Amino acid sequence: MTEPVSESMWARPCRALRPYVDGYRGYRMQGFPSGLHQGLPSRHLTVILSLGPPVDIVRMPDPTQSPGSLTMFAGGLHTSPATIAHDGDQVGISLALSPLGARRVLGLPPAPLDRLLSSWPSCWGRGPRTCRSA
């Protein structure tokens, strides 16, 4: 039996994106027992891009929203956690957007994302902005 693996790397974006994106993190967890993860409220809007199977969200921050399995999604400035079930393996990229970043990167104000998780196609606005290193 192999030991569980937990790897992550955090970085700041180029200077031109810093008012919109506080940082991004690549992560990989492999070989852990299955369980639940609490996606806690934060001062950022969180964008998750799963590089593995879809993320199984079993409880949304807004109890009126149905659970779902999503490969790419954005979560708002909610006040209660999202509960995510996992099989012990997770791999993906997480972006921490500022409220201004919601408008510039996703193309919509943060208010519609205040209590929900939205799948990528429904929340993506004008498309990504490109940036050269400063």
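Residues numbered from 1 in each chain as written. Predicted model: local features only at pLDDT ≥ 70, side-chain atom pairs only at ≥ 80, totals over all residues. Heavy atoms only, no water.

### Here's the deal with the overall build of the protein
When helices and strands are tallied, the protein shows 2 helices and 10 strands. Helices and strands in the protein line up, N terminus first, as β-β-β-β-β-β-β-β-β-α-β-α. Taking the contacts inside the protein whose residues are at least 6 apart along the sequence as the reference set, 68% of them involve residues at least 24 apart. (Helix = DSSP H or I, 4+ residues; strand = E, 2+ residues; numbered from the N terminus. Contact = heavy atoms within 4.5 Å.)

### Points about the sheet that holds strand β6 (residues 68–70)
The antiparallel open sheet is built from 4 strands, whose spatial order is β3-β8-β5-β6. Strands at the two margins of the open sheet, each flanked by one partner only, are β3 (35–39) and β6. Neighbouring strand axes in the sheet, compared pairwise and without regard to direction, differ in orientation by 35° on average. Where strand β5 (residues 55–59) meets β6, 3 bridges bridge the pair, whose relative direction is antiparallel. Directly across from valine 55, in β6, lies its bridge partner leucine 70. (Pairing = 2+ DSSP bridges. Axes fitted to C-alpha atoms, helices over the stretch in contact; angles between N-to-C directions.)

### Re the side chain of serine 80
Looking at the element boundaries, serine 80 is found in the loop between β7 (72–75) and β8 (82–86). Using a relative accessible area of 18% as the deciding quantity, one classes serine 80 as buried. Engagement of the side chain of serine 80 in a polar contact is seen with the backbone oxygen of proline 61, the distance being 2.8 Å. Once you skip the residues sitting within four places of it in the chain, serine 80 turns out to touch Pro41, Arg59 and Pro61. (Buried < 20%, exposed > 50% of the residue type's maximum accessible area, 1.4 Å probe, protein only. Polar contact = N/O pair within 3.5 Å; in protein donor to acceptor, adjacent residues only side chain to side chain.)

### Concerning the confidence of the model for the protein
Within the protein, residue pLDDT values average 81, and 82% of them lie at 70 or more. Strand β1 (residues 5–11) holds the highest mean pLDDT among the elements of the protein, 96, whereas helix α2 (residues 120–123) holds the lowest, 51. (pLDDT = per-residue confidence, 0-100.)

### Concerning a nonpolar patch on the surface
On the surface, a cluster of nonpolar side chains totalling about 260 Å² of accessible area is made up of Tyr24, Leu51 and Ile93. Topologically, tyrosine 24 is positioned in strand β2 (residues 21–30). (Patch = residues over 30% accessible without salt bridge, like charges linked within 9 Å, V, L, I, M, F, W, Y side chains within 5 Å. Areas by Shrake-Rupley, 256 points an atom, 1.4 Å probe, with all protein chains shown as cover. Salt bridge = Lys/Arg side-chain N within 4 Å of Asp/Glu carboxyl O.)

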